[in-house]
Amino acid sequence: MSSKIIVIGAGVIGAASALSLQADGHHVTLLDREAPCAGASFGNAGAIVNGSCVPTAMPGIIFDVMRMAVQPLSPLSIRPEYFHRILPWLLRFSWQSRPAAASKNASHLRALTKHAVDYWRQLVDETALTAFVEEAGWLKVYEEEASFAATAKARKLMDETGTSYEVLGRSEINDFEPNLAPIFNFGLYQKDCLRIVNPHKLVKGMVDLMLSRGGRFRQFEVDRLQPEANKVNLSGSAGTITADKVIVAAGAWSRSLAEQLGDNVPLDTERGYHLMLSESTRDLLNAPVVNGESSFVLSPMDTGIRLSSQIEFGGLLAAPDYSRVRSLLPLAKRMLPTLDTHEQSAWMGFRPSLPDSLPVLGFSTNSENVLYAFGHQHLGMTMGAVTGKLVSDLIAGRDPITDMMPFRPSRF
Ligand SMILES: Cc1cc2nc3c(=O)[nH]c(=O)nc-3n(C[C@H](O)[C@H](O)[C@H](O)COP(=O)(O)OP(=O)(O)OC[C@H]3O[C@@H](n4cnc5c(N)ncnc54)[C@H](O)[C@@H]3O)c2cc1C
C-alpha cells in the first residue's frame, strides 16, 4: 500500500532511503533544515569499503584514546569543555571494546557492509549517478613493521568474518600507486570497493533523481515529532506537517528527535575534518590511500586531493579547529612528494556515532510509524545504499537481508 512518508535529513542515508521508498510506490517528501547534503555526507573521504567490519571500539582502544587525547597533534582529541559530556559515551565505548563484544560487532557490521557495493551498483545503475562512483581498491600503507603488526587484531577480525584482503610489500604498493614515495613497506589492500569522486554531487544527484521521479524536497527544520495512532505530526521552522510514516535520518542530530519518543539512544559525534588541496593534484592517486601510521586519508576527487582525518569529541556546537588537520600537510607531502599542498578549502563534519560502532536501524519502541536510520559513524557512505534498501524493507514488512536485532534502538 502506498503511504505518505517523510524522511528527515537529506544526507546519504536520507537520500538513499527516499529513493528506495519511492521505488516501492510511496509518496516521499525529504526534509532538511539546509540544502541537500550539508552534513557529514558532504565532505567525507568517499570510500565505499565492501565488507568493512572493524569496529572503532577495538580491544585496547581506550588506552589509545586516553594517550592520544593529551598529545597536541594526535589524530584524536577531546575538547576539554566536552570531556564530562563524552565520558558516559566513552565508558560504553570501552565496554564494547572487549574482545568478545568487538568480534560480535564486527560480524554485525559485516552483515551490512558485505552488501555495500552491490546495493550501490543497483542504486546508480542506468542513472546519471554512475559518473560519481568508480571501481577502486582500499589501501592502507605503513612504513614501520611495528605499525603494521599492530593491525593484527583487525586482520584477525577480518579473517573471522570472511572479509578478504591482501598484504602488500613495497613494490606492489608502488605498482598500485606509482606517485607514492617509496617509503611504505607494508600495505593492507581490499579490492572490489568503490570510490566516490565527489560525495556532495553524488548525494545531491540522488535528491535530484528522487525529485525527477515525483518526490518532494522541503527546507524544514523539524523541532517536534508527535506520533498518533495512524499518523505522525511534525512541527518546526515552517509550521506543522503530517505523514503516515516518518524516517529519522538526521545523522548526528537524530538523538533529540528519538528522545522525544522516549528512545534514549547514546548517539554522539566524532567530528572529522578535511582539506581540499589544489585542483592540479586530482590525478596523483588512483584510489583513496590511508596513511596507517598517522591516520589520515588522501582521496582523489574530481576537484583535487582531499586530505581527511581526525576524531574530535566536541559535540555539535563548538567551532571547528583546523590546526590539527593542517599539521598533517608535511606528512601528506612526505607521502606524496609531488603534492601541491595549496589549500582550496577546509571543512568539518559530524560523524554520527554509537559506542558499539553499529547504526540504529529500526522502529521506535513507542511508534510503529517512526523508523530510525542513523548512527553510521565512519561508514555512512559505505552503508548508504544498503541502509536505503533496509528502510524500505522494514516499512514494507518484507524480510530484510539480515537479522535486524543487533541494530534495534532499544539495545542500549
Ligand atoms: C572526515 C570524514 C571522512 C569520512 N569518510 C568516509 C568514507 O570514506 N566512507 C564512509 O563510508 N563514510 C565516511 N564518513 C562517514 C560518513 O560521511 C557519514 O557516516 C555519513 O555521511 C552520515 O550520513 P547521514 O545521512 O546519516 O548524516 P548527514 O550527512 O550528516 O545528514 C544529516 C542531515 O540531517 C539534517 N538535519 C539534522 N537535524 C535536522 C532537523 N531537525 N530537521 C531537518 N533536518 C535535519 C542535516 O542538516 C543533515 O543534512 C566520513 C566522515 C567524516 C566526517
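Rules used throughout
- Every chain's residues receive numbers from 1 upward, in the order its sequence appears when written.
- The predicted nature of this model means local features are confined to residues of pLDDT at least 70 and side-chain atom pairs, given and counted, to a pLDDT of 80 or more, with totals for whole chains, interfaces and linings taken over all residues.
- Note that the side-chain values use all heavy atoms of the structure and ignore hydrogens as well as water.
- For the purposes of this entry, the term helix denotes a DSSP run of H or I that reaches at least four residues, the term strand denotes a run of E that reaches at least two, and both are numbered from the N terminus.
- The globule rule used here is 2.2 Å times the number of residues to the 0.38 power, and the radius of gyration it is set against is calculated over C-alpha atoms.
- Only heavy atoms matter for contacts: two residues are in contact if any of them lie within 4.5 Å across the pair.
- For patch detection, residues must exceed 30% relative accessible area and be free of salt bridges, and they are connected within 9 Å for like charges or within 5 Å for nonpolar side chains (Val, Leu, Ile, Met, Phe, Trp, Tyr).
- Residue exposure ignores everything except the shown protein chains as possible cover, and the areas themselves are Shrake-Rupley values with a 1.4 Å probe.
- Take a side-chain nitrogen of Lys or Arg and a carboxyl oxygen of Asp or Glu: if they are within 4 Å of each other, that pair is a salt bridge.
- Only protein chains enter the calculation, and the probe is 1.4 Å; a residue is then buried if its accessible area is under 20% of its type maximum, exposed if over 50%, and partly exposed in between.
- The arc in question is the one spanned by the directions pointing from the helix axis to the C-beta atoms.
- Here a residue is near a molecule or strand as soon as one of its heavy atoms is found within 4 Å of it.
- By the criterion applied in these results, polar contacts are pairs of N or O atoms within 3.5 Å in which, for protein atoms, one can donate a hydrogen and the other can accept it, and in which residues neighboring in sequence qualify only through two side-chain atoms.
- For this scheme, ten residues count as nonpolar: Ala, Val, Leu, Ile, Met, Phe, Trp, Tyr, Cys and Pro. Four count as charged, namely Asp, Glu, Lys and Arg, and the remainder, Gly too, count as polar.
- Here the rule is simple: two strands pair whenever DSSP picks up at least two bridges between them.
- Between the N-to-C directions of two axes lies an angle of 0 to 180 degrees, each axis being a line fitted to C-alpha atoms and, for a helix, fitted only over the stretch in contact.
- UniProt positions are given in the numbering used here, feature names are shortened, and annotations may be inferred rather than shown by experiment.
- Stacked, tilted and edge-to-face pairs are distinguished by plane angle, under 30 degrees for stacked and over 60 for edge-to-face with tilted covering the rest, among Phe, Tyr and Trp rings (Trp via its six-membered ring) whose centres lie within 6.5 Å.
- Two limits define a charge over a ring: the Lys NZ or Arg CZ must be within 6 Å of the ring centre, and within 35 degrees of the ring normal.
- What a helix is expected to span follows from its residue count: subtract one and scale by 1.5 Å.
- For classification purposes, angles smaller than 35 degrees are called roughly parallel, those larger than 145 roughly antiparallel, those between 65 and 115 roughly perpendicular, and all remaining angles oblique.
- The handedness criterion is simple: a crossing whose near helix is rotated anticlockwise from the far helix by less than a right angle is left-handed, and one whose near helix is rotated clockwise is right-handed.

**Some thoughts on the overall build of the protein**
Part 1 of the argument: Helices and strands together make up the secondary structure of the protein, namely 13 helices and 19 strands.
Part 2 of the argument: Its C-alpha atoms give the protein a radius of gyration of 20 Å, within 12% of the compact-globule value 22 Å for 412 residues.
Part 3 of the argument: Judged by the C-alpha coordinates and their principal axes, the protein covers about 65 × 45 × 40 Å.
Part 4 of the argument: Of all intrachain contacts in the protein linking residues separated by at least 6 positions in sequence, the fraction that spans at least 24 positions is 75%.

**Points about a nonpolar patch on the surface**
Part 1 of the argument: On the surface, a nonpolar cluster with roughly 350 Å² of combined accessible area is contributed by M66, F83, L87 and L91.
Part 2 of the argument: Here the nonpolar patch gets 3 residues from one element, more than from any other, and that element is helix α3 (residues 83-96).
Part 3 of the argument: For L87, the location among the structural elements is in helix α3.

**Details of helix α5 (residues 116-124)**
Part 1 of the argument: Along α5, the positions that sit buried rather than exposed are A116, V117, Y119, W120, L123 and V124. Mapping the buried residues of α5 onto a view down its axis gives an arc of 165 degrees, with all of them on the same face.

**Some points on the site of the ligand**
Part 1 of the argument: The environment of the ligand is made up of 35 residues, and the closest members are D32, S41, A47, Q377 and T382.
Part 2 of the argument: Here an oxygen atom of the ligand and a backbone polar atom of A40 are 2.9 Å apart.
Part 3 of the argument: Here G380 contributes a backbone N or O atom positioned 3.1 Å from an oxygen atom of the ligand.
Part 4 of the argument: Here the ligand, which alone exposes 1000 Å², has 97% of that area covered by the protein.
Part 5 of the argument: When contributions to the shell around the ligand are tallied by element, the ones reaching two or more residues are α1 (12-23), β13 (268-277) and β17 (343-353).
Part 6 of the argument: Of the residues in the shell around the ligand, the class split is 17 nonpolar, 14 polar and 4 charged.

**Description of the sheet that holds strand β8 (residues 216-219)**
Part 1 of the argument: With respect to topology, 6 strands assemble into an open sheet ordered β8-β2-β1-β12-β19-β18, the strand pairing being mixed. Of all strands in the sheet, those with a lone pairing partner are β8 and β18 (360-364), marking the two edges. Ignoring which end each strand starts from, the neighbouring axes of this sheet average 20 degrees apart.
Part 2 of the argument: For strand β1 (residues 4-8) and strand β12 (residues 245-248), the ladder comprises 4 bridges, and the chain directions are parallel. Bridge pairing links I6 to V246 in β12.
Part 3 of the argument: Packing against the sheet, helix α9 (residues 199-212) makes contact with β2 (27-32) and β8, and its axis sits at approximately 120 degrees to β8.

**Quick look at the sheet that holds strand β10 (residues 232-236)**
Part 1 of the argument: Taking strand neighbours across the sheet as the criterion, the 3 strands line up as β9-β10-β11 in an open arrangement whose pairing is antiparallel. Unpaired on one side and paired on the other, β9 (222-227) and β11 (239-243) mark the two borders of the sheet. Going across the sheet, the axis of each strand differs from the next one's by a mean of 20 degrees, ignoring polarity.

**Remarks on the environment of L284**
Part 1 of the argument: Looking at the secondary structure, you find L284 in the loop between β13 and β14 (289-291).
Part 2 of the argument: Taking the C-alpha atoms as reference points, L284 and K201, separated by 83 residues in sequence, lie 21 Å from one another.
Part 3 of the argument: Leave out the neighbours within four places in its chain, and L284 touches E177, N179, I305, L336, T338 and L339.

**Examining the UniProt feature "domain: FAD dependent oxidoreductase" (unreviewed entry) in the protein**
Part 1 of the argument: Per the UniProt record, "domain: FAD dependent oxidoreductase" (unreviewed entry) is found at residues 4-394.
Part 2 of the argument: The span residues 4-394 carries 32% helix and 30% strand; its end-to-end C-alpha distance comes to 15 Å.

**Observations concerning the packing of aromatic side chains**
Part 1 of the argument: This structure, assessed with the given rule, holds 9 aromatic pairs.
Part 2 of the argument: Judged by centre distance (5.2 Å) and plane angle (10 degrees), the rings of F148 and F186 are stacked. Here F148, found in helix α6 (residues 145-149), pairs with F186, found in strand β7 (residues 186-196); they are 38 residues apart in sequence, far enough to count as distant.
Part 3 of the argument: Taken together, a centroid distance of 5.6 Å and an interplanar angle of 65 degrees make the contact between Y372 and F374 edge-to-face.
Part 4 of the argument: Judged by its relative accessible area of 0%, Y372 falls in the buried class.
Part 5 of the argument: Feature note: the residues W89, F93 and F313 constitute an aromatic cluster, connected by ring pairs.
Part 6 of the argument: The side chain of R33 reaches across the aromatic face of W253, ending 4.7 Å from its centre.
Part 7 of the argument: Its guanidinium or amino end placed over the ring of W95, R98 lies 3.7 Å from that ring's centre, counting from NZ or CZ.

**Remarks on helix α13 (residues 384-396)**
Part 1 of the argument: For α13, which comprises 13 residues, the first-to-last C-alpha distance of 19 Å matches the rise-based estimate of 18 Å (1.5 Å per residue) to within 8%.
Part 2 of the argument: Of all 13 residues that make up α13, 11 are buried, and the element is covered over most of its length.
Part 3 of the argument: Positive phi shows up at G397, right after α13, with a value of about 75 degrees.

**Regarding the packing of helix α4 (residues 99-113) against helix α7 (residues 152-161)**
Part 1 of the argument: Close contact between α4 and α7 brings their axes to 10 Å; oriented N to C, the two are set at 55 degrees. Taken together, α4 and α7 sit at an angle that is classed as oblique. When you trace α4 past α7, the crossing you get is right-handed. When α4 is examined against α7, the residues A102, S103, A106, S107 and R110 are found in contact with a partner set consisting of L157, E160 and T161.
Part 2 of the argument: Among the residues forming the contact of α4 with α7, the class breakdown is 3 nonpolar, 3 polar and 2 charged.

**Quick notes on the pairing of β7**
Part 1 of the argument: In terms of burial, β7 is largely enclosed, as 9 of its 11 residues are buried.
Part 2 of the argument: Summarising the sheet, strand β3 (residues 47-48) and β7 pair through 2 bridges and their orientation is antiparallel. Within β7, the residue paired with A47 across the bridge is R195.
Part 3 of the argument: When strand β5 (residues 133-142) meets β7, the two strands line up antiparallel, connected through 9 bridges. Residue pairing in the sheet places Y142 in a bridge with F186 of β7.
Part 4 of the argument: Relative to β7, strand β6 (residues 166-168) is paired through 3 bridges, and the arrangement is antiparallel. Residue pairing in the sheet places E166 in a bridge with Y189 of β7.

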